[in-house]
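Working through the structure, step by step
Single-letter residue listing:
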Amino acid sequence: MLRLTADAAGGAPWWSGQGSATRWYVRQAMARRPGRPRASGDPSGDRDTRQDVLAAAAALFCTVGFTATSTRAIAERAGVRQATMYHHFAGKDALLLELLLGTVRPSGELADALAGSSEDPARRLWTLARADVQLLLGGELNLGALYVLPEIAGEQFAAFHALRDQLRARYADLAAQAEEAVTGERSAAPGPGPLVFGLVESVILRRRDEPDVDLEGVADAVADGVLRLVGCTPAQVAAARLP
């Protein structure tokens, strides 16, 4: 499950000392838990059914494979009729799109909130990178692995690509701001942004190779590494981590 609760020492949540906008968006990410669609807790059975179908599709796409998974298999795993499944989703593409959006949307919303913050750029970049890694590593299933499916190159997944591109752009802008703040200048285009974004998303492959990866340890290490990529000294990295 998405663990955005307490730091590795068991103290207060890492984000509790952040600005109000940051705290709000992190709580939204916690509530949605995109890596693990919930099958209970909503008084509306209609929503429960939708989440059951999403959970079933996620499990099958990540284990059996997208192409090999039939809508019948998804419906059976979710415990509903195919007609009920089609009431919520037009088909497998729609299910895959919703799952993909869930891996990006919370981080995109947090990035938008941080973009409007007056906090130190390095601190904002560290906060975004850490939360993003937690999101990618926090679900029961490695939904980020779906990024490599050849099928998602299709036009029907344009909304996911657009949202991911927006997140990439936010990273690039924050990385450039942080670099300028700590070094006094900005690198020539494309700057450190692509390296920063690549480092964050590299945890997807790491999780594939190391299913029991230490979420908190990796989140801290990647966020620290991101700051080193923009030129932060160890002291500046430590300062960015302070609540």
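Scoring rules and cut-offs
- Residues numbered from 1 in each chain as written.
- Predicted model: local features only at pLDDT ≥ 70, side-chain atom pairs only at ≥ 80, totals over all residues.
- Heavy atoms only, no water.
- Helix = DSSP H or I, 4+ residues; strand = E, 2+ residues; numbered from the N terminus.
- Buried < 20%, exposed > 50% of the residue type's maximum accessible area, 1.4 Å probe, protein only.
- Contact = heavy atoms within 4.5 Å.
- Areas by Shrake-Rupley, 256 points an atom, 1.4 Å probe, with all protein chains shown as cover.
- Salt bridge = Lys/Arg side-chain N within 4 Å of Asp/Glu carboxyl O.
- Core = buried A, V, L, I, M, F, W, Y, C linked by side-chain atoms within 4.5 Å.
- Axes fitted to C-alpha atoms, helices over the stretch in contact; angles between N-to-C directions.
- Nonpolar A, V, L, I, M, F, W, Y, C, P; charged D, E, K, R; others polar.
- Lys, Arg positive; Asp, Glu negative; His and termini not counted.
- Expected span 1.5 Å × (residues − 1).

**Focus on the overall build of the chain**
- Along the chain, the regular secondary structure elements total 12 helices and zero strands.
- Here the chain, with 243 residues, has 46% of them falling under the buried criterion.
- Within the chain, counting contacts between residues at least 6 apart in sequence, those at least 24 apart form 70% of the total.
- For the chain, the exposed surface amounts to about 11,300 Å²; the carbon and sulfur share of it is 52%.

**With respect to the pattern of salt bridges**
- Under the criterion given, the structure shown has 12 salt bridges.
- A salt bridge links R123 to E119; its shortest N-O distance comes to 3.3 Å.
- Residue D209 is joined to R208 by a salt bridge in which the shortest nitrogen-to-oxygen separation is 3.3 Å.
- On the basis of relative accessibility, which here comes to 55%, the residue R208 falls in the exposed class.
- Because the salt bridges share partners, they merge into one network encompassing R130, E216, D220, D224 and R241.

**Re the nonpolar core**
- Residues F61, I74, L95, L96, L125 and Y171 are the most contacted members of the largest nonpolar core, which totals 60 residues.
- When residues in this core are grouped by element, the largest group, nine residues, is from helix α7 (residues 121-138).
- Not counting residues up to four positions away in its chain, the partners in contact with L96 are F61, F66, L146, L149, I152 and F157.

**Looking at the packing of α7 against helix α9 (residues 193-201)**
- Axis separation between α7 and α9 bottoms out at 9 Å; the angle between their running directions is 30°. Every residue of α9 that contacts α7 at L125, A129, D132, V133 and L136 is listed here: V196, V200 and E201.
- For the contact of α7 with α9, the per-class residue count stands at six nonpolar, no polar and two charged.

**Notes on the side chain of D132**
- By the secondary structure assignment, D132 is in helix α7.
- Despite being buried, D132 has no salt bridge partner; R164 is the closest side chain of opposite charge, sitting 8.6 Å away.

**What to know about unusual backbone geometry**
- Note that the residue after A189, namely P190, is joined by a cis bond; omega there is 10°.
- Secondary-structure assignment places P190 in the loop between α8 (158-183) and α9.

**Some details on the environment of P194**
- Within the fold, P194 resides in helix α9.
- Among the residues examined, P194 registers a relative accessible area of 46% and is labelled partly exposed.
- It is 8.2 Å that separates the C-alpha atoms of P194 and Y171, two residues lying 23 residues apart in sequence.

**Overview of helix α11 (residues 215-229)**
- Across its 15 residues, α11 extends 21 Å between first and last C-alpha, which sits within 8% of the 21 Å expected from 1.5 Å per residue.
- Extensive coverage of α11 is indicated by the burial of 11 of its 15 residues.
- For α11, the set of buried residues is L215, E216, V218, A219, D220, V222, A223, D224, G225, V226 and L227.
- As for α11, its buried residues are in contact with α7, α9, α10 (203-209) and α12 (234-241).
- Phi turns positive one or two residues past the end of α11, at G231, with a value near 100°.

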